[in-house]
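Commentary on secondary and tertiary structure
Given next are the chains, with one letter for each unit.
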Amino acid sequence: MALHFVTDDASGAGVGDVVVLTGPEAHHAAAVRRVRVDEPVTLGDGRGVWLDGVVTAAAPKQVDVRVTGRAEIPAPSPRIVLVQALAKGDRDELAVQAATELGVDVIVPWQAARSVSRWDAKAEKGLARWRTIVREAAKQAHRAWVPEVEGVARLADLVARARTANVFVLEPSAVERLTAVASDPLDDRDVVLVVGPEGGIAPEELDALRTAGARLVRLGDTVLRTSTAGAAAISVLSASTGRW
């Protein structure tokens, strides 16, 4: 499969144009991936534009790609949104990476009551880190749309979302299974998956979300880690909604 790169310059490019990669993207293409002249590649802007192209020049500081084809891929609907609780170590980052590869459309970091990791004063740094992970994972997965990473959410933000979207809270003690819920036709509102931290979602958080209209669901008979629960749920939804 051709290598894929993301650049804002892809937005306005058409067949016959030359898109120039510079900076880290050029270094990655030429020095890391060893792209060569005449090699076919694909380019995108992360917002639906998809270009086929051929490398015409390759150097560590600049890679030129002549566009041979252009398409515009519509955004998926309904969107799949992952609300991922902050977790210790790199578990939340692993969750974000896997979710991106599997097709999530929006990622929302959540400062849950039981989150061991606390961003607080370093929220901007954390968001920048997640956005970098998402961008690289989207390139690896050859995605036309790079998922959006929203600002850090609090419980009140999730409660408000539960009133306007299809919100499913992953909870091992729930009676309903996500597989059963996902088999019912969904409307065009966002489908939001809420994943708690290592210690689980606090009872008061579950009560507030349920009261606002969220549905508590479980994936099966086993308890998954916070790093894998979201990925498993996205797979179920991708199959049930026809994405896969």
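In this report, we go over the structure that sits alongside the text. (Residues numbered from 1 in each chain as written. Predicted model: local features only at pLDDT ≥ 70, side-chain atom pairs only at ≥ 80, totals over all residues. Heavy atoms only, no water.)

Here we take up the overall build of the chain. Of the regular secondary structure elements, the chain holds seven helices and twelve strands. Here the chain has a C-alpha radius of gyration of 20 Å; the compact-globule value for 244 residues is 18 Å, and the two agree. Reported as C-alpha extents along the three principal axes, the dimensions of the chain are approximately 60 × 40 × 30 Å. Across the 244 residues that make up the chain, the buried fraction comes to 48%. Looking at the chain as shown, the accessible area adds up to about 11,500 Å², and 52% of this sits on carbon and sulfur atoms. Both charge centroids of the chain, one from 29 positive and one from 32 negative side chains, sit 4 Å from each other. (Helix = DSSP H or I, 4+ residues; strand = E, 2+ residues; numbered from the N terminus. Rg over C-alpha atoms; globule rule 2.2 N^0.38 Å. Buried < 20%, exposed > 50% of the residue type's maximum accessible area, 1.4 Å probe, protein only. Areas by Shrake-Rupley, 256 points an atom, 1.4 Å probe, with all protein chains shown as cover. Lys, Arg positive; Asp, Glu negative; His and termini not counted. Charge placed at Lys NZ, Arg CZ, Asp CG, Glu CD.)

Our focus in this paragraph is the sheet that holds strand E9 (residues 166-170). Pairing between sheet strands relies on hydrogen bonds along the backbone, with the strands arranged either parallel or antiparallel. Spatial strand order, E8-E7-E6-E11-E9-E12-E10: seven strands in an open sheet with parallel pairing. Each having just a single partner strand, strand E8 (148-149) and strand E10 (176-177) make up the two edges of the open sheet. Pairing of strand E6 (residues 80-85) with strand E11 (residues 191-195), which is carried by five bridges, proceeds in the parallel orientation. Each residue of the ladder has a partner; that of Ile80, found in E11, is Val191. Along the sheet face, helix H3 (residues 123-140) touches E6, strand E7 (106-110) and E8 and points at about 150° away from the line of E7. Sheet strands touched by helix H4 (residues 155-162): E6, E7, E9 and E11. Its angle to E7, the strand with the most contacts, is close to 140°. (Pairing = 2+ DSSP bridges. Contact = heavy atoms within 4.5 Å. Axes fitted to C-alpha atoms, helices over the stretch in contact; angles between N-to-C directions.)

The strand order across the open sheet formed by five strands is E1-E3-E4-E5-E2, and the pairing between neighbours is mixed. Since the sheet does not close on itself, it has two edges, and those belong to strand E1 (3-6) and strand E2 (18-22), each with one partner. The sheet shows a mean angle of 40° between the axes of neighbouring strands, direction not considered. Where E1 and strand E3 (residues 40-44) come together, four bridges link them in parallel fashion. Looking across to E3, one finds that Val6 is bridged to Gly44. Relative to E2, helix H1 (residues 23-32) is tilted by about 95°, and along the sheet it contacts E1, E2, strand E4 (49-59) and strand E5 (62-72).

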